[in-house]
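Fold and geometry: a report
Read off the chains here:
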Amino acid sequence: MSFVFRLVREEGGDASVVVFEDSTSPGFVPLWEEVGVYDSLYNSDGKPAREVSRRIAYGLDRISTEAGLARLIPSFLSQGEAIRFLENVNRACVVHGTAQIETR
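A brief structural summary. (Residues numbered from 1 in each chain as written. Predicted model: local features only at pLDDT ≥ 70, side-chain atom pairs only at ≥ 80, totals over all residues. Heavy atoms only, no water.)

Topic: the sheet that holds strand β1 (residues 3–10)
Rules: A pair of strands is considered paired only if DSSP assigns at least 2 bridges between the two. Strands are runs of DSSP state E lasting at least 2 residues, helices are runs of H or I lasting at least 4, and numbering of each runs from the N terminus. Axis angles are defined between N-to-C directions and span 0 to 180 degrees, where every axis is a line fitted to C-alpha atoms and, for a helix, only to the segment in contact.
Taken together, the three strands give an open sheet; going across it, the order is β2-β1-β3, and neighbouring strands pair in antiparallel fashion. On the outer flanks of this sheet lie β2 (16–24) and β3 (100–103), each paired with one strand and no other. Taken over all neighbouring pairs, the strand axes of this sheet differ in orientation by 25° on average, direction set aside. By the bridge criterion, four bridges tie β1 to β3 in an arrangement that is antiparallel.

Re the packing of aromatic side chains
Definition in use: Only centres within 6.5 Å qualify two rings of Phe, Tyr or Trp (six-membered ring in Trp) as a pair; their planes then separate them into stacked at under 30 degrees, edge-to-face at over 60, and tilted for everything else. Exposed residues in this analysis have more than 50% of their type's maximum accessible area, buried residues have under 20%, and partly exposed residues fall in between, with area computed by a 1.4 Å probe over protein chains only.
By the definition in use, this model includes five aromatic pairs. On the numbers, 5.9 Å between centres and 35° between planes, the contact of Trp-32 with Phe-85 is tilted. Note that Trp-32 is positioned in helix α1 (residues 29–35) and Phe-85 in helix α4 (residues 79–95), a separation of 53 residues in sequence. Phe-85 carries the same exposure label as Trp-32, and that label is buried. For the ring pair Tyr-38 and Tyr-42, a centre distance of 4.6 Å and an interplane angle of 10° mean the geometry is stacked. Separated by four residues within a single helix, Tyr-38 and Tyr-42 lie in helix α2 (residues 38–42), roughly one turn from each other. Residue classification places Tyr-38 among the partly exposed residues on the basis of a relative accessible area of 26%. A network of ring pairs unites the aromatic residues Phe-3, Phe-28, Trp-32, Tyr-38, Tyr-42 and Phe-85 as a single cluster.

So this is what it looks like as structure tokens:
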């Protein structure tokens, strides 16, 4: 099972539009906790994307610069995948700052 991070925007009426969606392995949870992005990813339903973008950027910076964090990543996953996911989430949160976060 994968973790899905989604940004949705209300487009008038009852319709909402998914403006971003990406998924990753829950195997990254120890890494997310260590770099301080766990709550921003898993406990942010309903928040505007702009509220988590700074924390995501900080976590991304730590993963990119602290080689020792690789020990928290299971052997079947890669640091590159963690970086790719957070880069995508961060970019989307900046571009779609008013969109609401949905996770599952």
